[in-house]
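Coordinate inspection notes
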Amino acid sequence: MDCLFCKIVKGEIPCTKVYEDDKVLAFNDINPVAPYHILVIPKQHFDSIADVSDKDMEIVAHIHSVINKIAIDKGFSDAGFRIINNCREDGGQEVKHLHYHVLAGKKLPLYEAEKK
Ligand code: 5GP
Ligand code: ZN
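Residues numbered from 1 in each chain as written. Chains lettered and ligands numbered in written order. Predicted model: local features only at pLDDT ≥ 70, side-chain atom pairs only at ≥ 80, totals over all residues. Heavy atoms only, no water.

Digging into the state of the cysteines
Scanning the model with the defined rule gives zero disulfides in all. Between C15, a cysteine without a disulfide, and C6, which holds the nearest cysteine sulfur, the sulfur-to-sulfur distance is 13 Å. (Disulfide = S-S within 2.5 Å.)

Given below as structure tokens:
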């Protein structure tokens, strides 16, 4: 499958890694809209959150756990952050591999991710 984020997982396209374990990879967005703009993705390919079945849903809890760890590690947990998941066409999803945007490092205006 020709998927940009699968290529990043395989190391075929470089990224600036923030966190990695056997199930999840987190890296800096190439076009940041906040001082911290981190993408957190499962290593397993899912087209979108709407394509994750109930039996696979534990990956989403794991992603949220990883986001909490990253927030503490980077020092923006106390101040706060925003998690965004764009799903399919109407949600504005451009890369068809499930991913969560984590925005932090400033007081975020509403709908920041829509300004891209
Ligand atoms: P979406 O609109 O699908 O929710 O977000 C896709 C995000 O992936 C965008 O914020 C875009 O800047 C980011 N992105 C696209 N291509 C690359 C890439 O090659 N490397 C990185 N690090 N981010 C990318
Ligand atoms: Zn993929």
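Still more ground to cover, so stick around.
Some details on the coordination of the zinc ion (ligand 2)
In this structure, C3 (SG), C6 (SG), H45 (ND1) and H97 (ND1) serve as the protein donors to the zinc ion (ligand 2), at separations of 2.0 to 2.3 Å. Considering all four donor atoms around the zinc ion (ligand 2), the spread of angles at the metal, 103 to 117°, places the coordination shape in the tetrahedral class. All donors of the zinc ion (ligand 2) belong to a single chain; written as a sequence motif, their spacing is C-x2-C-x38-H-x51-H. Here H45, found in the loop between β3 (36-42) and α2 (58-74), pairs with H97, found in the loop between α3 (88-91) and β5 (100-104); they are 52 residues apart in sequence, far enough to count as distant. By relative accessible area, which is 0% here, H97 ends up buried. (Donors = N, O, S within 2.8 Å, 3.2 Å for Na, K, Ca; no water. Tetrahedral: all angles 85-135°; square planar, octahedral: opposite > 155°, others 65-115°. Helix = DSSP H or I, 4+ residues; strand = E, 2+ residues; numbered from the N terminus. Buried < 20%, exposed > 50% of the residue type's maximum accessible area, 1.4 Å probe, protein only.)

Describing the sheet that holds strand β1 (residues 17-20)
With antiparallel pairing, the five strands of this open sheet are ordered in space as β1-β2-β3-β5-β4. Each of the sheet's edge strands pairs with one partner strand only, and the pair in question is β1 and β4 (81-84). Across the sheet, the axes of successive neighbouring strands diverge by a mean angle of 20°, strand direction being ignored. Strand direction decides the pairing type here: strand β2 (residues 24-28) and β3, joined by five bridges, are antiparallel. Looking across to β3, one finds that V24 is bridged to P42. Where α2 meets the sheet, it contacts β1, β2, β3, β4 and β5, and its direction lies at approximately 150° from that of β3. (Pairing = 2+ DSSP bridges. Axes fitted to C-alpha atoms, helices over the stretch in contact; angles between N-to-C directions. Contact = heavy atoms within 4.5 Å.)

Limitation: the analysis is restricted to geometry and does not speak to function.
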